[in-house]
Amino acid sequence: MINKNLKARGITDERVLRTMGTIPRHLFLEEGLQDQAYSDNPLPIGSRQTISQPYIVGLMTESLELRGTEKILEIGTGCGYQTAILAELAEMVFSIERIASLAFRAQRTLDSFHYHNILIRVGDGTYGWSEEAPFDAIIVTAGAPEIPETLKKQLAVGGRLIIPVGSRSSQTLLRITRLSEEPDDIKTEDVCGCRFVDLIGEHGWKD
Ligand code: SAM
């Protein structure tokens with residue numbers, strides 16, 4: 001997976017490559033899917049949701065430029081695989097999942113690895129997590145119609161937000177950097193085209 005799906009496709013951050021090489025992705029999947037865990041495909045995780053393909057996980061993580069000291073907000077815990085990677089690469093991860101059964105399963109899986117720097121909450125992540133803001137990095141793992149203002153406001157100055165934005169059928173992965181105290185003073189970069197499940201909530205798509 002590391003050589004073929006990540007390095008060969010341009011992922012170069014050594015910390016990301018090392019971390020993704022050590023976290024057992026198959027343990028985040030149901031037994032019947034574990035033999036497909038290291039192929040470059042999204043896979044079902046229940047409740048009509050998916051775990052993203054390894055390349056996209058690598059690309060999104062690399063785009064956050066983590067150094068180990070960051071406080072991160074993740075919207076869309078899913079099965080917890082991306083959460084585990086973030087917990088290895090940053091200081092603290094706050095993760096929100098709107099589907100309770102997925103959040104509970106992710107919590108159980110992550111507990112089995114004994115992470116002490118992850119807090120998961122069930123709810124609508126489009127509101128962010130204001131009590132813990134500002135965040136050095138925010139990662140949204142579901143596709144949004146636009147960048148939620150709430151998340152821009154909860155990004156630290158100099159912080160990075162990575163989010164797929166577009167229609168329900170296709171999006172552009174955007175990397176936003178907040179440049180000053182003014183939340184709309186941002187730099188926006190297109191990372192690539194992508195297709196994610198919907199970000200559903202007050203500042204996302206309606207259910
Ligand atoms: N990164 C995850 C993993 O490693 O399994 C995959 C995430 S999956 C592509 C997107 C997730 O976002 C789904 O689990 C979905 O329920 C969740 N989601 C969608 N809208 C949300 C919202 N408003 N707040 C929190 N989670 C949301």
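Within any chain, residue numbers begin from 1 and follow the written order of that chain's sequence. With pLDDT at 70 or above as the cut-off, local features in this predicted model cover only qualifying residues; side-chain atom pairs require 80 or more to be listed or tallied, and sums for whole chains, interfaces and linings still use all residues. Each side-chain value is worked out from all heavy atoms of the structure, with water and hydrogens disregarded.

Q: Mind showing me how you'd approach the overall build of the protein here?
A: Here a helix means four or more residues in a row that DSSP labels H or I, a strand means two or more in a row labelled E, and each is numbered from the N terminus. Summing up its helical and strand segments, the protein has 6 helices and 9 strands in all. Structurally, the protein occupies a C-alpha span of about 45 × 35 × 35 Å along its principal axes. Each residue is assigned to one of three classes by its accessible area relative to the maximum for its type, calculated with a 1.4 Å probe on protein chains only: buried under 20%, partly exposed between the two thresholds, exposed over 50%. Per-residue burial over the protein gives 53% buried out of 207 residues. Taking the intrachain contacts of the protein between residues at least 6 apart in sequence as the baseline, contacts between residues at least 24 apart amount to 54%. By definition, residues are in contact when any of their heavy atoms lie within 4.5 Å.

Q: Just checking my understanding: could you explain unusual backbone geometry for this structure?
A: Excluding glycine, residues mostly have negative phi values, and the peptide bonds linking residues are mostly trans. At the junction of Ala133 and Pro134, the peptide bond is cis and its omega measures out at 5° in the coordinates. Looking at the element boundaries, Pro134 is found in the loop between β5 (118–122) and β6 (135–140). Even without being glycine, Arg48 reaches a positive phi, approximately 60°. Along the chain, Arg48 falls in the loop between β1 (43–46) and β2 (49–51). In this model, Glu65 sits at a positive phi of 50°, which is unusual for a non-glycine residue. Note on placement: Glu65 falls in the loop between α3 (54–63) and β3 (71–75). By relative accessible area, which is 37% here, Glu65 ends up partly exposed.

Q: Please clarify how helix α4 (residues 81–89) should be interpreted in this entry.
A: For α4, the buried fraction is high: 8 of the 9 residues fall into the buried class. Buried residues of α4: Tyr81, Gln82, Thr83, Ala84, Ile85, Leu86, Ala87 and Leu89, and no others.

Q: Whenever I open this one, the site of the ligand confuses me. Can you help?
A: For the ligand, the set of nearby residues contains 27 residues, the closest of which are Cys79, Glu97, Asp124, Gly125 and Ile200. One of the side-chain N or O atoms of Asp124 is found 3.0 Å from a nitrogen atom in the ligand. At a separation of 2.6 Å, a nitrogen atom of the ligand approaches a polar backbone atom of Ile200. Methods summary: accessible areas were calculated by the Shrake-Rupley approach with a probe of 1.4 Å, and residue burial reflects only the protein chains presented. Its free accessible area being 600 Å², the ligand has 99% of it covered by the protein chains. Considering every element that reaches the shell around the ligand, the biggest residue donor is β2, with 3 residues. For this purpose, a residue is taken to be near a molecule or strand whenever a single non-hydrogen atom of the residue falls within 4 Å of it. N or O atoms closer than or at 3.5 Å make up a polar contact, with two conditions inside protein: a donor-capable atom paired with an acceptor-capable one, and, for residues adjacent in sequence, both atoms drawn from side chains.

Q: Could you clarify how one ought to interpret the sheet that holds β6 in this entry?
A: Strand pairing in a sheet takes place through backbone hydrogen bonds and is either antiparallel or parallel in direction. Strands were regarded as paired on the criterion that DSSP finds at least two bridges between them. Spatially, β5-β4-β3-β6-β7-β8-β9 is the arrangement adopted by the 7 strands of the open sheet, whose pairing is mixed. One side of each edge strand has no neighbouring strand; the edge strands of this open sheet are β5 and β9 (186–194). Mean inter-strand twist for the sheet, computed between neighbouring axes without regard to direction, equals 15°. Bridge count between strand β8 (residues 171–178) and β9: 8 bridges; the pairing is antiparallel. If you follow Thr172 over to β9, its bridge partner there is Gly193. Axes here mean lines fitted to C-alpha atoms, for a helix over just the part in contact, with angles spanning 0 to 180 degrees between N-to-C directions.

Q: Even after reading the chapter, I still don't get the pattern of salt bridges, so can you show me in this structure?
A: Side chains that differ in charge, positive against negative, can pair when their charged atoms come close. Should a side-chain nitrogen of Lys or Arg be within 4 Å of a carboxyl oxygen of Asp or Glu, the pair is scored as a salt bridge. Evaluation of the coordinates by the stated rule reveals 10 salt bridges. In this structure, Arg175 engages Glu65 in a salt bridge whose closest nitrogen and oxygen atoms are separated by 3.2 Å. Here Arg175, found in strand β8, pairs with Glu65, found in the loop between α3 and β3; they are 110 residues apart in sequence, far enough to count as distant. Exposure remark for Arg175: the relative accessible area of 13% places this residue in the buried category. Among the salt bridges present, the one from Glu132 reaches Lys71, with a minimum N-O distance of 3.6 Å. Here Glu132 is found in the loop between β5 and β6, whereas its partner Lys71 is found in strand β3, with 61 residues between them in sequence. Relative accessible area serves as the criterion here: at 24%, Glu132 is assigned to the partly exposed category. Three or more residues joined by partner-sharing salt bridges are found here, namely Glu65, Arg175 and Glu189.

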